[in-house]
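Below are the chains, spelled out letter by letter.
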Amino acid sequence: MQFLVIAYDGTDDKALERRLAVREKHLDGWAKLVADGHGITGGAILDDDGRMIGSSAILEFPDRAAFDTWLNNDPYVTGGVWRDITVHPFRVAPTSKS
């Protein structure tokens, strides 16, 4: 089952500081997700000045419970970075005719 995650950081003065404090741990986790076949694509949402203000990702897990386990343990969640998270079931479109 695939999921689309759109997650915005907090807007307070410490938001970027929180993001940067756990960013390497988050990226290490993302590398593991990709290696394990769970991470399809993802990246930072930027404002008009190129500053990171959130993230989006498409992930694949066997079910919502497995996805929620990952989400609830991601450093951007446990570190208080993501403050507004939306999750939708998703289906990636085929990239070729088969």
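A short tour of the structure in this document, coming up. (Residues numbered from 1 in each chain as written. Predicted model: local features only at pLDDT ≥ 70, side-chain atom pairs only at ≥ 80, totals over all residues. Heavy atoms only, no water.)

Things to note about helix 1 (residues 15–35)
Convention followed: Note on conventions: DSSP H or I runs of at least 4 residues are helices, E runs of at least 2 residues are strands, and numbering of each starts at the N terminus. Helix span, as expected, comes to 1.5 Å for every residue beyond the first. Bend at a residue means the angle formed by two fitted axes: the first through the 7 residues ending at that position, the second through the 7 residues beginning there. For every residue, the accessible area (1.4 Å probe, protein chains only) is compared with the maximum for its type, and the residue is labelled buried under 20%, exposed over 50%, or partly exposed between those bounds. Whether two residues are in contact is decided by their heavy atoms: any pair within 4.5 Å suffices.
Its 21 residues give helix 1 an end-to-end C-alpha distance of 29 Å, which sits within 8% of 30 Å, the value for a rise of 1.5 Å per residue. At Arg23, helix 1 shows its strongest bend, of approximately 50 degrees. Buried within helix 1 are the following residues: Ala15, Arg18, Arg19, Val22, His26 and Leu33. Tucked into the core, helix 1 has its buried residues touching strand 1 (2–9), strand 2 (39–46), strand 3 (52–60), helix 2 (64–73), helix 3 (75–78) and strand 4 (82–90). The first or second residue beyond helix 1 is Gly37, which carries a positive phi of 85 degrees.

Structural notes on the side chain of Asp74
Selection rule: For this count, His and the chain ends are skipped, Lys and Arg are scored as positive, and Asp and Glu as negative. The salt bridge definition used is simple: a Lys or Arg side-chain nitrogen within 4 Å of an Asp or Glu carboxyl oxygen. Here a polar contact means two N or O atoms within 3.5 Å. Within protein one must be a hydrogen donor candidate and the other an acceptor candidate, and residues neighboring in sequence count only if both atoms are side-chain atoms.
Relative to the helices and strands, Asp74 is located in the loop between helix 2 and helix 3. One buried charged residue, Asp74, forms no salt bridge at all, with the nearest opposite charge on Arg19 at 8.8 Å. Among the polar contacts listed, one links the side chain of Asp74 to the backbone nitrogen of Tyr76, at a separation of 2.8 Å. Ignoring sequence-local partners within four residues, the contact set of Asp74 consists of His26 and Trp82.

Description of the pattern of salt bridges
This structure, assessed with the given rule, holds seven salt bridges. The partner of Arg18 in a salt bridge is Asp12, and the shortest N-O contact between them spans 2.8 Å. By relative accessible area, which is 34% here, Asp12 ends up partly exposed. The partner of Arg51 in a salt bridge is Asp49, and the shortest N-O contact between them spans 3.1 Å. The exposure class of Arg51 is partly exposed, given its relative accessible area of 48%. Classification of Asp49 as exposed rests on a relative accessible area of 59%.

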